[in-house]
Amino acid sequence: LSLSSTAIVIQLFSEDKRLGSQAGRMSFAVLLMQDLCVVPMLLLLGTLAPNTEGNIAMNVGVALLQAVATGAFIVIAGRFVLTPLLRLVAAANSPDLFMATVLFIAIGTSALAAAAGLSMSLGAFIAGLTLAETEFRRAIEAIIEPFKGVLLGIFFLLVGLGLSLQLLVEQPLRILALMAILVGLKALIVMTIAWVMKLPRAPTLESALLLGPGGEFAFVLFGAATAAGLFRNNETAPFLIAVTLSMMALPLLGRLAKVTRRKLPAPNVTAVQYLLPQQGIEGSNIIIAGFGRVGRIVADMLKEQELPVVGIDLDVENLAAARKAGHRVFYGDATDISFLMRCGLAEAKALAITMDNPSRAHEILKAARSKRPDLKIIARARDERHAMKMYEAGVTEAVPETTEASLQLAEALLVEAGVPMGLAIAAVHERRDGYRKLLGRPNRKEEVARLRNRLKKRMQTSVD
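Let me begin by describing the structure that accompanies this report. (Residues numbered from 1 in each chain as written. Predicted model: local features only at pLDDT ≥ 70, side-chain atom pairs only at ≥ 80, totals over all residues. Heavy atoms only, no water.)

The first and last C-alpha atoms of helix H5 (residues 120-132) sit 18 Å apart over 13 residues, in line with the 18 Å expected at 1.5 Å per residue. Considered for burial, the residues of H5 that qualify are Leu 122, Gly 123, Phe 125, Ile 126, Ala 127, Thr 130 and Leu 131. (Helix = DSSP H or I, 4+ residues; strand = E, 2+ residues; numbered from the N terminus. Expected span 1.5 Å × (residues − 1). Buried < 20%, exposed > 50% of the residue type's maximum accessible area, 1.4 Å probe, protein only.)

This part takes up helix H9 (residues 201-211). Residues three or four positions apart in an α-helix share a direction because the helix packs 3.6 residues into each turn. Counted residue by residue, H9 has nine buried out of 11 residues, so it is predominantly covered. Looking only at H9, the buried set comprises Ala 202, Pro 203, Thr 204, Glu 206, Ser 207, Ala 208, Leu 209, Leu 210 and Leu 211.

This part takes up the sheet that holds strand S6 (residues 397-400). Across the sheet, six strands lie side by side as S3-S2-S1-S4-S5-S6; this open sheet has parallel pairing. Looking at the sheet topology across the chains shown, the edges are occupied by strand S3 (329-331) and S6. Averaged over all adjacent pairs, the angle separating strand axes in this sheet is 20°, with direction ignored. In terms of strand pairing, strand S4 (residues 350-353) meets strand S5 (residues 376-381) through four bridges, oriented parallel. Following the sheet pairing, Ala 350 is matched in S5 by Lys 376. Sheet strands in contact with helix H14 (residues 316-324) are strand S2 (309-313) and S3, and its direction is about 155° off that of S3. Across the face of the sheet, helix H17 (residues 384-393) comes into contact with S5 and S6 while running at roughly 170° to S6. (Pairing = 2+ DSSP bridges. Axes fitted to C-alpha atoms, helices over the stretch in contact; angles between N-to-C directions. Contact = heavy atoms within 4.5 Å.)

A volume near 2300 Å³ is recorded for the largest pocket. Phe 125, Gly 128, Ile 144, Lys 148 and Phe 217 are the residues nearest the centre of the largest pocket, which is lined by 43 residues in total. Those elements that provide at least two residues to the lining of the largest pocket are helix H1 (6-15), helix H2 (22-47), helix H4 (95-115), H5, helix H6 (137-162) and helix H10 (217-227). The dominant element in the lining of the largest pocket, judged by the number of residues it contributes, is H6, at 13 residues. Of the residues belonging to the lining of the largest pocket, the class tally is 30 nonpolar, six polar and seven charged. (1 Å grid on protein atoms, 1.4 Å probe; cavity = no way out; pocket = protein on both sides within 12 Å on 5 of 7 lines; lining within 4 Å. Points joined across faces, edges and corners; volume = space filled by probe spheres on them. Nonpolar A, V, L, I, M, F, W, Y, C, P; charged D, E, K, R; others polar.)

The alternating pattern of S6 places Ala 398 and Pro 400 on a buried face and Glu 397 and Val 399 on a face that is not buried. Between the parallel pair S5 and S6, the chain is carried across by H17, and the sense of this crossover is right-handed. (Right-handed = clockwise from strand over helix to strand, strands pointing away.)

Attention shifts here to unusual backbone geometry. The general pattern is negative phi for most residues beyond glycine and trans for most peptide bonds. Of note in this structure, Lys 198 is not a glycine but carries a positive phi near 60°. Inspection of the secondary structure assignment puts Lys 198 in the loop between helix H8 (172-196) and H9. By relative accessible area, Lys 198 is classed as exposed at 60%. Phi angles above zero are rare outside glycine, and Glu 306 is one such case at about 60°. Relative accessible area serves as the criterion here: at 72%, Glu 306 is assigned to the exposed category.

Another aspect to go through is the side chain of Thr 244. By the element assignment, Thr 244 lies in helix H11 (residues 233-248). Judged by its relative accessible area of 18%, Thr 244 falls in the buried class. At 2.8 Å, the side chain of Thr 244 forms a polar contact with the backbone oxygen of Leu 240. Apart from the residues lying within four places of it in its own chain, the contact partners of Thr 244 are Leu 163 and Phe 219. (Polar contact = N/O pair within 3.5 Å; in protein donor to acceptor, adjacent residues only side chain to side chain.)

This next bit is on the nonpolar core. Residues Leu 351, Ile 353, Ile 377 and Val 395 are the most contacted members of the largest nonpolar core, which totals 26 residues. The set of elements that each furnish at least two residues to this core consists of strand S1 (286-289), helix H15 (337-342), S4, helix H16 (358-371), S5 and H17. With five residues, the top contributor of residues to this core is H16. In this structure Ile 377 touches Leu 351, Ile 353, Leu 365, Ala 368, Arg 369, Val 395, Thr 396 and Glu 397, once residues within four positions along its chain are discounted. (Core = buried A, V, L, I, M, F, W, Y, C linked by side-chain atoms within 4.5 Å.)

The subject of this paragraph is the pattern of salt bridges. Under the definition given, this model contains three salt bridges. A salt bridge links Arg 372 to Asp 374; the nearest nitrogen and oxygen atoms lie 3.0 Å apart. In this structure Asp 374 comes out as exposed when scored by relative accessible area, which is 54%. (Salt bridge = Lys/Arg side-chain N within 4 Å of Asp/Glu carboxyl O.)

Attention shifts here to the pairing of S1. Burial of S1 is two-sided: the residues Ile 286 and Ile 288 facing one way and the residues Ile 287 and Ala 289 facing the other way are all buried. The parallel pair S1 and S2, bridged by helix H13 (residues 293-304), forms a crossover whose chirality is right-handed. In this sheet, S4 lies alongside S1 in parallel orientation, the contact comprising four bridges. Bridge pairing in S4 places Ile 288 opposite Ala 352.

The grouping of Ile 144, Phe 147, Val 150, Leu 151, Ile 154, Leu 157, Leu 158 and Leu 161 at the surface amounts to a nonpolar patch, some 800 Å² of accessible area in total. Looking at the element boundaries, Leu 151 is found in helix H6. Judged by its relative accessible area of 55%, Leu 151 falls in the exposed class. (Patch = residues over 30% accessible without salt bridge, like charges linked within 9 Å, V, L, I, M, F, W, Y side chains within 5 Å. Areas by Shrake-Rupley, 256 points an atom, 1.4 Å probe, with all protein chains shown as cover.)

In this structure, Leu 185 sits in helix H8. Taking the C-alpha atoms as reference points, Leu 185 and Pro 213, separated by 28 residues in sequence, lie 9.8 Å from one another.

It is worth stressing that arrangement in space is one thing and function is another; only the former is reported here.
And the structure:
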């Protein structure tokens, strides 16, 4: 029950492209350690079986020796046996032969584990770890990628067929209570450890919510324990249903984690070095709110022109990267007007809002406008609709990502179609100015649609 769902949690972070965030790295570290713990867990199951001879201490010692031997086998086999074998197979330049070899290694290792008195699940897990130690792991990932979804589906289907849904109908409160205790207790453990390690609240709470539910290895371990005679099916059924329901709740918990992450911008302990000095910042600077990829590119271009820049961000990783590149960036919430004033808003030349969170961008815009109605504010917008809302809120210039990408694509197409470079650039600049004027006027939605249609026709005519 202590294991969490690697397949679902990693997928949730990957979909949001946040696996490299602090919460993503925290969760991945725990999940990786849990997956490695599956090997000794499966080995210990054999020592706890009722028909096992000898005392428990001796059996546990034997199991630990088996775990060490398994780790040594993974390293030795991966480096001195599998790598030469896979190189020999790869030299034949036959994808079918390579795939057959990989499957043979997985099935053969499972069969050897069963012959040695261990579980086939342990053998398959060892095979995966061993193959991951070779230089062909990326090729193997590409081979198994088309089958991964199907095999996971089959796995969960077989697990679902083995669940006693009648028990859920008969004892719904008991099952839900088990699920709540499971998620709550594991989340509390994660939060306690994170508190001891002085980790920030927002990523800690996000990791706790996602690591609280059970995982797919619970079915493997419960199945192995039942086969060893440690449990009966009717004893494990409530726990398996509770684990299943908790895994089904992971997407909902992921959304809840997003909400809590936005509402808890707690400062990181390591962010103290990036805080503003007590007296604040004076001088005529350009403030950049959001120092991700877009913010860094803008800052680099301004730095080349020797323009003073002050950056603001809540992501410590962004701060560290920016400081390493020589930028003056500070940790803080740009929606807080007092913090903006300490960053030099009163004397700033301009404010650039480069973050991709529309709600936070609007809050920053309103806060800055409340103190500096005359300030030039340039904001990043997702699309034309978002840009229109920004203009209504008082932005000086909004740059829609979709529109800008379309204009650059049009410029490249015009040049490749034979239109002189100067004419292509002039046409794109003219169109960009037209968009800017239209986005700031009433009834601009219809005008923007007409302008887009005219642009498409003009591009088609130029290409023809």
